[in-house]
Amino acid sequence: MSTLFEPGKLGDIALANRVVMAPLTRNRAIEGLVPGPLTVEYYRQRASAGLIIAEATQVSAMGQGYLDTPGIHTPDQVAGWRRVTGAVHAAGGRIVLQLWHVGRISHSSLLPGGAAPVSSTARRPDAQTYTKEGFVPVSAPRALRDDELPGIVAEYRHAARCAMDAGFDGVEVHAANNYLLEQFLRDSVNDRSGPYGGSIENRARLPLEVIAAVAAEAGAARTGVRLSPLTTFSDTPRDSDPQALYGYVVGRLSALGLAYVHVIEGETGGERVPAGTAFDHAALRRLFNGGWIVNNGYDRAGAMAAVASGAADAVAFGRLFISNPDLVRRLREDADFNPLRGDLLYGGGAEGYVDYPALDAA
Ligand code: PHB
């Protein structure tokens, strides 16, 4: 049997197996952007994952980019998440929270006082977000001033404190998918001068300050980071030198003693490794002294091979975990999967959320 189904550790987080539930936006937060009873049930059903990485959750009101995504910055949100972590722990699972600031992928109607989204840049991507009016183009962003960046770090630090108070086993800093932190990292977006623009060291400065602050709050061995060196999600071209940029970042993260790095290897929600791409994931991994989670369209055989070969410590599954609450068992037994109802991913209620059957019920 493959080591995919054997226990493991990511920093101080002990896993019953190496099958991870990827963070998945479902837009079902209730009043106050609090995770409600359906969300408690959804994660409880999936507690046999070695680790659940709960959905991207905004660290502040300005960090929201889509309708009805949950937050982790108010007392009500902490109380809601505490019910989620309690249910997962009672079912024997482990759960961390993904800390999210969308930056320029937002719309003024979602932000306090109708504010402009904030970013490293004032340039607007040709991307859409989901609001009360349905899909709309994102609003033009405002470039953050350097003297505002300590406030961004403080928002992440506060959110990390709130997550640990809510009973999570750790946190994952979302530095992927072209949200705020990646808007600083990539030279295809970051057009700043000064200490937070230009060189790789400067572009990595804010993400590294954020990750250090979060690790100080949550404990480095309970902190992970998600990266997506190649994705062009949200009309964002790749960096001019992804190997150098992400190599620098991962090397710096290694020195912090983090629990893990979690890499989306190709296009987010799309192609595994885009044709003709020269990027050496194994070389990236060699720079990091800690757990390595891979993600991006893995199937059973690919996941078993990744762990058995040592290329990864764990494999994260997204869509398969939405439609199969007992995914670990199905993978172990090589059972069939429930089909995904793609029209029920974002928003709505129980349908397409907590009604996918487990094997015994199917
Ligand atoms: C989304 O809401 O579509 C979404 C959120 C977070 C991601 C990727 C996609 O990292």
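Remember, it's a predicted structure, so these values are computed and weren't measured experimentally.

Glancing now at the pairing of strand β14 (residues 314-317). In regular strands, side chains alternate between the two faces of the sheet. Side chains Ala314 and Ala316 project from β14 onto one buried face, and the interleaved Val315 and Phe317 project onto a second face that is buried too. Pairing geometry for strand β3 (residues 19-21) and β14, over three bridges, is parallel. Bridge pairing links Val19 to Val315 in β14. Strand direction decides the pairing type here: strand β13 (residues 291-295) and β14, joined by three bridges, are parallel. Its bridge partner lying in β14, Val294 is registered against Val315. With respect to chirality, the unit in which β13 leads through helix α9 (residues 300-308) into the neighbouring parallel β14 is right-handed.

With the exception of glycine, the majority of residues adopt a negative phi angle, and the majority of peptide bonds are in the trans configuration. Here the phi dihedral of Asn27 falls at roughly 55°; this positive angle occurs in a residue that is not glycine. Among the secondary structure elements, Asn27 is positioned in the loop between β3 and α1 (37-45). Phi is positive for Asn178, close to 65°, though the residue is something other than glycine. Within the fold, Asn178 resides in the loop between β10 (170-174) and α4 (180-185).

Attention shifts here to the site of the ligand. Taken together, Thr25, Tyr66, Trp100, His174, Asn177, Tyr179 and Phe233 make up the full set of residues adjacent to the ligand. Contact distances for the ligand include 3.3 Å between an oxygen atom and a side-chain N or O atom of Thr25. Asn177 places a polar side-chain atom, nitrogen or oxygen, 2.6 Å from an oxygen atom of the ligand. Burial of the ligand by the surrounding chains reaches 83%, relative to a free accessible area of 280 Å². Residue composition of the shell around the ligand, by class: four nonpolar, three polar and no charged.

With that settled, consider helix α3 (residues 149-165). Along an α-helix, residues three or four positions apart point the same way, because every turn accommodates 3.6 residues. Its 17 residues give α3 an end-to-end C-alpha distance of 25 Å, which sits within 8% of 24 Å, the value for a rise of 1.5 Å per residue. Listing the buried residues of α3 in full gives Leu149, Ile152, Val153, Tyr156, Ala159, Ala160, Cys162, Ala163 and Met164. In this fold, the buried residues of α3 make contact with α2 (75-90), β5 (95-100), β10, α4 and α6 (205-218). Immediately beyond the C-terminal end of α3, within one or two residues, lies Gly167, with a positive phi of roughly 95°.

Of all hydrophobic cores here, the largest spans 88 residues; its most connected members are Tyr43 and Leu99. The residues contacting Tyr43, other than those within four sequence positions of it, are Met21, Ile52, Ala54, Glu55, Trp81, Val84, Val88 and Ile95. Within the second largest apolar cluster, 13 residues are counted, among which are Ile13, Leu15, Ala259 and Ala316.

A few words on the sheet that holds strand β4 (residues 51-58). The sheet built from eight strands closes into a barrel, its strands ordered β3-β4-β5-β10-β11-β12-β13-β14 with parallel pairing. Sheet twist, expressed as the average angle between the axes of neighbouring strands with direction ignored, equals 25°. Where strand β11 (residues 223-227) meets strand β12 (residues 260-264), four bridges bridge the pair, whose relative direction is parallel. Across the sheet, residue Gly224 finds its bridge partner in β12, namely Tyr260.

Attention now goes to the pairing of β12. Among the five residues that make up β12, five are buried, leaving the element largely enclosed by the rest of the structure. The side-chain alternation of β12 yields two buried faces, one formed by Tyr260, His262 and Ile264 and the other by Val261 and Val263. In terms of strand pairing, β12 meets β13 through five bridges, oriented parallel. Residue pairing for β13: Val263 is matched across the bridge by Val294.

As a further point, take the environment of Gly194. Considering the arrangement of structural elements, one finds Gly194 in the loop between α4 and α5 (200-203). Here the alpha-carbon distance between Gly194 and Asp146, two residues 48 residues apart in the chain, equals 8.3 Å.

Using the criterion set out here, one finds 18 salt bridges in the structure. Residue Arg192 pairs with Asp146 through a salt bridge whose shortest N-O separation is 2.7 Å. Of this pair, Arg192 sits in the loop between α4 and α5 while Asp146 sits in the loop between β9 (142-143) and α3, placing them 46 residues apart in sequence. Classification of Arg192 by relative accessible area gives buried; the value is 13%. Asp326 is paired through a salt bridge with Arg330; the nearest N and O atoms lie 2.7 Å apart. In this structure Asp326 comes out as buried when scored by relative accessible area, which is 10%. Sharing partners across several salt bridges, the network here consists of Arg142, Arg145, Asp147 and Glu148.

What counts as what
- Residues numbered from 1 in each chain as written.
- Predicted model: local features only at pLDDT ≥ 70, side-chain atom pairs only at ≥ 80, totals over all residues.
- Heavy atoms only, no water.
- Buried < 20%, exposed > 50% of the residue type's maximum accessible area, 1.4 Å probe, protein only.
- Helix = DSSP H or I, 4+ residues; strand = E, 2+ residues; numbered from the N terminus.
- Pairing = 2+ DSSP bridges.
- Right-handed = clockwise from strand over helix to strand, strands pointing away.
- Near = heavy atom within 4 Å.
- Polar contact = N/O pair within 3.5 Å; in protein donor to acceptor, adjacent residues only side chain to side chain.
- Areas by Shrake-Rupley, 256 points an atom, 1.4 Å probe, with all protein chains shown as cover.
- Nonpolar A, V, L, I, M, F, W, Y, C, P; charged D, E, K, R; others polar.
- Expected span 1.5 Å × (residues − 1).
- Contact = heavy atoms within 4.5 Å.
- Core = buried A, V, L, I, M, F, W, Y, C linked by side-chain atoms within 4.5 Å.
- Axes fitted to C-alpha atoms, helices over the stretch in contact; angles between N-to-C directions.
- Salt bridge = Lys/Arg side-chain N within 4 Å of Asp/Glu carboxyl O.

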